[in-house]
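Inside the fold
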Amino acid sequence: MNPNNTITRQKLCISIVVSLLIGFLAGIVFSDRGPVDANAYAPQTGTAAYPAGQHAALEREVAANPDNPTAWTRLGNHYFDTEQYQKAIDAYTRSLELAPGDPHVMTDLGVMYRSIGQPEKAVELFREAAAIDPRHEQSRFNTGIVLLYDLNSPAEALSAWEDLLGINPLARVSDGRSLQQIVDELQQSATQQR
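Note that the coordinates shown come from a computational prediction; the quantities given were computed from them, not determined experimentally.

Moving on to the overall build of the protein. A tally of regular secondary structure across the protein gives nine helices and zero strands. Expressed as a percentage of its 194 residues, the buried residues of the protein come to 29%. Residue pairs in contact within the protein that sit at least 24 positions apart in sequence constitute 37% of those at least 6 positions apart. Summing over all exposed atoms, the protein offers an accessible surface of approximately 12,700 Å²; the carbon and sulfur share of this is 55%.

Okay, here's the thing in C-alpha cells:
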C-alpha cells in the first residue's frame, strides 16, 4: 500500500464530508423562508376576470363578427388585463377603426402605448379622448400621470389635473388620497424648487 494513496483517500473523504456539511447548512439557510406553496407553481387555468376558455371564446367571437367593434374591445380588454400589450393595441385599434371616437377605448389604447414605451402616443390619445368627451376623467388623469412620470413635465401634468379638478373637485386616486392633495403637494414642491 502506498502511503501517498492513503493521504489522498483521507483528503477525499474529508472533502466529501465537508462538502456535504456545507450543502446541508446552506440548505437550511435557504429553505428557512417558510413553507412552499405547491400551488404557486401550478399552471393557471384562468383568472377571476377571464376564466379558462375565455380567451379562445373572445377570439372566436372576433373571427365570427370581424366588423363588431364591441367584440374587438372585449378582446382588447382581455389582452390589456393579461398584459399582452401589442395584441391589445391591435384589438383596440381595430375597434376604433370600426367605431371611431370612443374615449374609453382610446384611453385604454393610450395605456397600452405607455406600456410599450411610447408615452407621447399615449398622451396624444388621452388628449384626443378628453377632446371628444370633455368630462372624461380617466383620460385627463392618465395625461397627468404620463406627463409627470414618463415625460418629466410636471407643469403640464398639473394643468391636466387642474382641468380634471374643474370637472370633478372630489376626484381621488387609487390610494384614497384626493387629487387636490396631490396637486397641492406638487405645487408646493415646484415652489420650493424655484
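Over its 14 residues, helix H8 (residues 154-167) extends 20 Å from the first C-alpha to the last, a length consistent with the 20 Å expected when each residue adds 1.5 Å. Ala157, Leu158, Ala160, Trp161, Leu164, Leu165 and Ile167 are the residues of H8 that are buried. In the core, the buried residues of H8 are packed alongside helix H7 (137-150) and helix H9 (179-193).

The next thing to look at is the packing of H8 against H9. The contact between H8 and H9 brings their axes to 10 Å, and the two run at 150 degrees. Taken together, H8 and H9 sit at an angle that is classed as roughly antiparallel. In terms of crossing hand, the pair formed by H8 and H9 is left-handed. Residues Leu158, Trp161, Glu162, Leu164 and Leu165 of H8 touch H9, and the partners they reach there are Leu179, Gln180, Ile182, Val183, Leu186 and Gln187. For the contact of H8 with H9, a count of residues per class yields eight nonpolar, two polar and one charged.

We now examine the environment of arginine 135. Inspection of the secondary structure assignment puts arginine 135 in the loop between helix H6 (119-132) and H7. Relative accessible area serves as the criterion here: at 58%, arginine 135 is assigned to the exposed category. Residues arginine 135 and leucine 164, spaced 29 residues apart in sequence, show a C-alpha to C-alpha distance of 8.1 Å.

Before going further, it helps to spend a moment on the nonpolar core. Among soluble globular proteins, nonpolar side chains are generally buried collectively. Formed by 36 residues in total, the largest nonpolar core has its most connected members in Leu75, Leu109, Phe141, Trp161 and Leu179. Only helix H2 (54-64), helix H3 (69-81), helix H4 (85-98), helix H5 (103-115), H6, H7, H8 and H9 provide two or more residues apiece to this core. Among residues more than four places away in sequence, those in contact with tryptophan 161 are Arg140, Phe141, Gly144, Ile145, Leu148, Leu179, Ile182, Val183 and Leu186.

All right, on to the pattern of salt bridges then. On inspection of all chains with the given rule, the structure shows nine salt bridges. Across the pair arginine 94 and glutamate 97 runs a salt bridge, and its minimum N-O distance is 3.3 Å. Placement of the pair is arginine 94 and glutamate 97 together in helix H4, with a separation of three residues, close to one helical turn. For arginine 94, a relative accessible area of 26% translates into the label partly exposed. Here glutamate 97 falls in the exposed class, since its relative accessible area comes to 52%. Across the pair arginine 127 and glutamate 156 runs a salt bridge, and its minimum N-O distance is 3.1 Å. One end of the pair, arginine 127, is in helix H6; the other, glutamate 156, is in helix H8, with 29 residues separating them in the sequence. The exposure class assigned to arginine 127 is partly exposed, which follows from its relative accessible area of 42%.

Conventions and cut-offs
Residues numbered from 1 in each chain as written. Predicted model: local features only at pLDDT ≥ 70, side-chain atom pairs only at ≥ 80, totals over all residues. Heavy atoms only, no water. Helix = DSSP H or I, 4+ residues; strand = E, 2+ residues; numbered from the N terminus. Buried < 20%, exposed > 50% of the residue type's maximum accessible area, 1.4 Å probe, protein only. Contact = heavy atoms within 4.5 Å. Areas by Shrake-Rupley, 256 points an atom, 1.4 Å probe, with all protein chains shown as cover. Expected span 1.5 Å × (residues − 1). Axes fitted to C-alpha atoms, helices over the stretch in contact; angles between N-to-C directions. Parallel < 35°, antiparallel > 145°, perpendicular 65-115°, else oblique. Left-handed = near helix turned anticlockwise from the far one by under 90°. Nonpolar A, V, L, I, M, F, W, Y, C, P; charged D, E, K, R; others polar. Core = buried A, V, L, I, M, F, W, Y, C linked by side-chain atoms within 4.5 Å. Salt bridge = Lys/Arg side-chain N within 4 Å of Asp/Glu carboxyl O.

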